[in-house]
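# Coordinate analysis (summary)
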Amino acid sequence: MKKKITEAALILKKSRFTTAFTGAGISVESGIPPFRGGDGLWSKYDPSVLDISRFLADPAGSWVVINEIFYDFFNSAKPNKAHLVLSRMEKEGMLGRIITQNIDNLHQEAGSHMVYEFHGNSKNLRCLHCRREYLAGQISIDHLPPTCRECGGILKPDFVFFGESIPQMPLAAAYEAATISDVFLIIGTTGEVMPANQIPLMAKEYGATIIEINPEPSLYTNKVTDIFLKGKATEIMGKLEDLLFSPTLDNDQDGVD
Ligand code: NAD
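Each residue is numbered by its place in its chain's sequence as written, counting from 1. Residue-level local features of this predicted model are given only where pLDDT is at least 70; pairs of side-chain atoms are given and counted only at 80 or more, and the full residue set underlies all totals for whole chains, interfaces and linings. Water and hydrogen atoms were dropped before computing side-chain values, which therefore reflect all heavy atoms in the structure.

## Digging into the sheet that holds strand β8 (residues 209-214)
Here the rule is simple: two strands pair whenever DSSP picks up at least two bridges between them. Labels follow the DSSP assignment, with helices taken as runs of H or I lasting at least four residues and strands as runs of E lasting at least two, numbered in each case from the N terminus. The 6 strands are arranged β3-β2-β1-β7-β8-β9 in an open sheet whose pairing can be described as parallel. Each having just a single partner strand, β3 (115-117) and β9 (227-230) make up the two edges of the open sheet. Each strand axis lies, on average, 15° off the axis of its neighbour in the sheet, ignoring direction. Pairing of strand β2 (residues 97-100) with β3 involves 3 bridges; the strand directions are parallel. Of the residues in β3, the one forming a bridge with Thr100 is Glu117. Convention adopted: a line fitted to C-alpha atoms gives each axis, helices being fitted over their contacting stretch, and angles between N-to-C directions are expressed from 0 to 180 degrees.

Shown next, in the form of structure tokens:
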């Protein structure tokens, strides 16, 4: 493993433009469960609660579950080592962009600036009638669904529900990243969610080296991944940080397993 991490660090250090592509797994060690897997949210909740047609038909019922799933966990979560290392890499000119599927705001809280949220952000609520935007913390959820102070319309979390389209800006940023990146660093995603899952495949087609961090193989691992670093995001990113910011990295090429 040491050899693989050293190899990955050398590739990252030499890269002209690196994009990190992150999924729910990077936030698991911040206390936010992923959707899939044994302890995943879908083992407890019906995924259709995030279906836009269900929300529109029964906003109050959907809000009860959405509140329990997202706002209970998200409010207390803090960025972990993996988010912080990505932020440090950006500051040191080693990371050009983060494309995240997450809606938890933890990359921004870690200090990253070039963050493109493919599925929006749970911190914002939007009025379905007048489109006015609110911060989730400013709105009382004593009565569900919460409503707009201006027009009384129903407020919806401003993240992408099943059946909704991806916002233009992150979509364009993700496609551009796929075409210009030398390296794609995939962290904590199964690669099952369309169309986000296409971005690393596109990057590979455009010649990017794919480095992947995950405790389990994903749909990418045997298909496009060049270096698979098996393990938890905090553990592997901590090791990568040590190497990336070590003055002797270039002499470490003979690291042994
Ligand atoms: P997923 O739930 O399908 O899969 C999570 C992945 O993370 C798995 O591959 C798992 O092996 C891996 N993982 C588990 N623990 C890990 C760890 N400690 N370190 C690194 N990886 C770990 O997640 P997904 O592929 O991102 O897709 C699901 C969708 O879920 C996304 O579109 C996202 O919007 C949404 N989601 C977001 C959050 C969040 O914002 N934190 C949480 C749950 C779901």
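Still to come is the rest of the account.
## Considerations on the domain arrangement of the protein chain
How far each domain reaches was decided by an automatic or database domain assignment. According to the domain assignment, the protein chain consists of domain 1 (1-31 + 78-119 + 165-257) and domain 2 (33-76 + 121-159). The distance between the C-alpha centroids of domain 1 and domain 2 comes to 28 Å. Residue-level contacts link 14 residues of domain 1 with 11 residues of domain 2. The junction of domain 1 with domain 2 conceals about 1,000 Å² of combined surface from both sides, 56% of it contributed by carbon and sulfur atoms. A contact between two residues is defined here by any heavy atoms of the two lying within 4.5 Å. Here's the idea: put two parts together, see how much 1.4 Å probe accessible area each one loses, and the total over both is what we call buried area.

## Digging into the site of the ligand
Within the structure, the ligand sits among 27 residues, and Phe35, Arg36, Gln101, Thr189 and Asn214 are positioned closest to it. Contacts to the ligand include Gly188, whose backbone N or O atom sits 3.3 Å from an oxygen atom. A distance of 2.7 Å separates an oxygen atom of the ligand from a polar side-chain atom of Thr189. Only the protein chains shown count as cover for residues, and all accessible areas are computed by the Shrake-Rupley method using a 1.4 Å probe. Within the complex, 93% of the 850 Å² of free accessible area of the ligand lies under protein. Each residue gets one of three labels, nonpolar for Ala, Val, Leu, Ile, Met, Phe, Trp, Tyr, Cys and Pro, charged for Asp, Glu, Lys and Arg, and polar for the others, Gly among them. Of the residues assigned to the shell around the ligand, the class counts are 11 nonpolar, 11 polar and 5 charged. The nearness test applies per residue and asks whether one of its heavy atoms lies within 4 Å of the molecule or strand. Polar contact is defined as a pair of N or O atoms within 3.5 Å, subject to the rule that within protein one atom must be able to donate a hydrogen and the other to accept it, and that residues adjacent in sequence are counted only when both atoms are side-chain atoms.

## Considerations on the environment of Leu229
Within the element layout of this structure, Leu229 appears in strand β9. Remark: exposure states derive from per-residue accessible area (1.4 Å probe, protein chains only) relative to the maximum for the residue type, with buried under 20%, exposed over 50%, and partly exposed in between. We classify Leu229 as buried; its relative accessible area is 0%.

## With respect to the packing of aromatic side chains
Stacked, edge-to-face and tilted labels apply to pairs of Phe, Tyr and Trp rings (six-membered ring for Trp) whose centres lie within 6.5 Å, assigned for plane angles under 30 degrees, over 60, and everything in between, in that order. The tally for this structure, following the rule as stated, stands at 6 aromatic pairs. On the numbers, 6.4 Å between centres and 75° between planes, the contact of Phe35 with Phe70 is edge-to-face. Remark: Phe70 occurs in helix α3 (residues 59-76) and Phe35 occurs in the loop between β1 (18-22) and α2 (52-57); sequence separation between them is 35 residues. Judged by relative accessible area, Phe70 falls into the buried class, the value being 3%.

## With respect to the packing of helix α6 (residues 168-180) against helix α7 (residues 198-205)
Contact geometry of α6 with α7 gives a least axis separation of 7 Å together with a crossing angle of 30°. Viewed along their axes, α6 and α7 adopt a mutual orientation that is roughly parallel. As α6 packs across α7, the resulting crossing turns out to be right-handed. Taken together, the residues of α7 that come into contact with α6 (itself represented by Ala174, Tyr175, Ala178 and Thr179) are Ile199, Met202 and Ala203. A breakdown of the residues in the contact of α6 with α7 according to their chemical character gives 6 nonpolar, 1 polar and no charged. The cut-offs work like this: below 35 degrees is roughly parallel, past 145 is roughly antiparallel, 65 to 115 is roughly perpendicular, and the gaps in between are oblique. Put simply, a crossing is left-handed when the front helix is turned counterclockwise from the back one by less than a right angle, and right-handed when it is turned clockwise.

## Comments concerning helix α4 (residues 81-91)
Quick reminder: α-helices carry 3.6 residues per turn. Residues three or four places apart thus point the same way. For α4, the complete set of buried residues consists of Ala82, His83, Val85, Leu86, Ser87, Met89 and Glu90. As for α4, its buried residues are in contact with α1 (2-14), β1, β2, α5 (106-109), β7 (183-187) and α8 (233-244). A distance of 2.8 Å separates the backbone nitrogen of Ala82 from a side-chain oxygen at the start of α4, and that oxygen is part of Asn80.

## A word on α8
What a helix is expected to span follows from its residue count: subtract one and scale by 1.5 Å. For α8, spanning 12 residues, the distance from its first C-alpha to its last is 16 Å, which sits close to the expected 16 Å at 1.5 Å a residue. Counting buried positions over the 12 residues of α8 gives 9, a clear majority of the element. Burial in α8 covers these residues: Ala233, Thr234, Ile236, Met237, Gly238, Leu240, Glu241, Leu243 and Leu244. The inward-facing, buried residues of α8 contact α1, α4, β7, β8 and β9.

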